[in-house]
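Fold and geometry: a report
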Amino acid sequence: MDYSKYKFLSIDCYGTLIDWESGIWNTFQPIIMTNKRNDLTREKVLNQFAELEAYQQQNNPEMIYPNILFNVHQKFAQNNNLQSNDNLDSDFGNSVQHWPAFPDSADALRKLKEKFKLIILSNVNNNCFASSCRWLGVEFDEIYTAEKIGSYKPNLQNFKYMFNKVKEKYGEDKETILHVAQSLHHDHVPAKTLNMNTIWIDRQNLSKGGNWGATKKIENFPEPDKIFENLISFAIEATND
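Let us look at the structure shown here. No experiment lies behind these values; they were computed from the predicted model shown.

Digging into the packing of aromatic side chains
Summed over all chains, the structure comprises 13 aromatic pairs. Relative to Phe-49, the ring of Trp-20 has its centre 5.7 Å away and its plane inclined at 80°; by these criteria the two rings are edge-to-face. Highlighted residues: Trp-20 in helix α1 (residues 20-34) and Phe-49 in helix α2 (residues 42-59), separated in sequence by 29 residues. Judged by relative accessible area, which is 5%, Trp-20 ranks as buried. Owing to a relative accessible area of 0%, Phe-49 belongs among the buried residues under this scheme.

Some words on the sheet that holds strand β5 (residues 197-201)
Sheet strands pair by backbone hydrogen bonding; their relative direction is either parallel or antiparallel. Pairing within the open sheet is parallel, and its six strands lie in the order β3-β2-β1-β4-β5-β6. Each end of this open sheet is capped by a strand with a single partner; those strands are β3 (142-145) and β6 (226-228). Averaged over all pairs of adjacent strands, the angle between strand axes in this sheet comes to 20°, irrespective of strand direction. Taken together, the four bridges between strand β1 (residues 8-11) and strand β2 (residues 117-122) define a ladder with parallel strand orientation. Considered in β2, the bridge of Phe-8 is made with Lys-117. In the packing of helix α10 (residues 231-240) onto the sheet, contacts are made with β1, β4 (177-181), β5 and β6, and the angle to β6 comes to roughly 130°.

Remarks on the pattern of salt bridges
Per the stated rule, a full pass over the model turns up 12 salt bridges. Lys-7 is the partner of Glu-172 in a salt bridge, and the nearest nitrogen-oxygen pair spans 2.6 Å. Note that Glu-172 is positioned in the loop between α8 (156-170) and β4 and Lys-7 in the segment before β1, a separation of 165 residues in sequence. The partner of Lys-167 in a salt bridge is Asp-173, and the shortest N-O contact between them spans 2.9 Å. A residue is classified by how much of its surface remains accessible, and Lys-167, at 42% relative accessible area, is partly exposed. Through salt bridges that share partners, Asp-12, Lys-153 and Asp-187 make up one connected network.

Comments concerning the nonpolar core
Among the nonpolar cores identified, the biggest contains 55 residues, and Phe-49, Tyr-65 and Phe-234 are the most heavily contacted of them. Apart from the residues within four sequence positions on either side, Phe-234 is in contact with Tyr-3, Leu-9, Leu-112, Leu-178, Val-180, Ile-199, Ile-201 and Phe-228. Ranked by size, the runner-up nonpolar core spans 14 residues in total, among them Phe-8, Tyr-144, Ile-149 and Phe-163.

Each value, and the rule that gives it
- Residues numbered from 1 in each chain as written.
- Predicted model: local features only at pLDDT ≥ 70, side-chain atom pairs only at ≥ 80, totals over all residues.
- Heavy atoms only, no water.
- Phe/Tyr/Trp six-rings, centres within 6.5 Å; stacked < 30°, edge-to-face > 60°.
- Helix = DSSP H or I, 4+ residues; strand = E, 2+ residues; numbered from the N terminus.
- Buried < 20%, exposed > 50% of the residue type's maximum accessible area, 1.4 Å probe, protein only.
- Pairing = 2+ DSSP bridges.
- Axes fitted to C-alpha atoms, helices over the stretch in contact; angles between N-to-C directions.
- Contact = heavy atoms within 4.5 Å.
- Salt bridge = Lys/Arg side-chain N within 4 Å of Asp/Glu carboxyl O.
- Core = buried A, V, L, I, M, F, W, Y, C linked by side-chain atoms within 4.5 Å.

Have a look at this one:
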């Protein structure tokens, strides 16, 4: 790829920079342990989360992300005949602040920051991202959250909002933005629908038969312009071009 034609990287956060699957799985442990449900494996739990989160976001675009998570936890309990309570539901809703960054995120972002302006395009609210940003090691040039936009990816409006803001502030068109993300469902499908170039950070190794985890399954794979197993591999190539 000719990385020199891009001035901006628009980057998804959760799943790409933040290890949300570990965070989600860890935060489900209290309800699983309390109900003594050893049958609820990591794969089962994350797959159910993916479907429940996608439903909540599509049907409640105005709802901030902690409330999305609160409702997901409640529905998960109902679907699996688990006893929950307000404390467990609230702890899950407020868990984003505890989700860890991937080990390579901070180093990779600092390297990328030397060459590109960095834009966050994320499906959370402002406070949640602020709590996660502490682990990422850089100051982002722009931060566009679902709370600011009023909808959740894969809604095309989230990307169009970013295009408009970049045009207004920097006078640059979408062709100067390269989108970097893990999720095919949330990011690559809408980005490709809008003819963006994309980098797939394939944390789940899906391109080689891995598990969908906390990402909703899709039938037809989009075609990212390039695939990397992690962010640091991409950062090294993009900055050495």
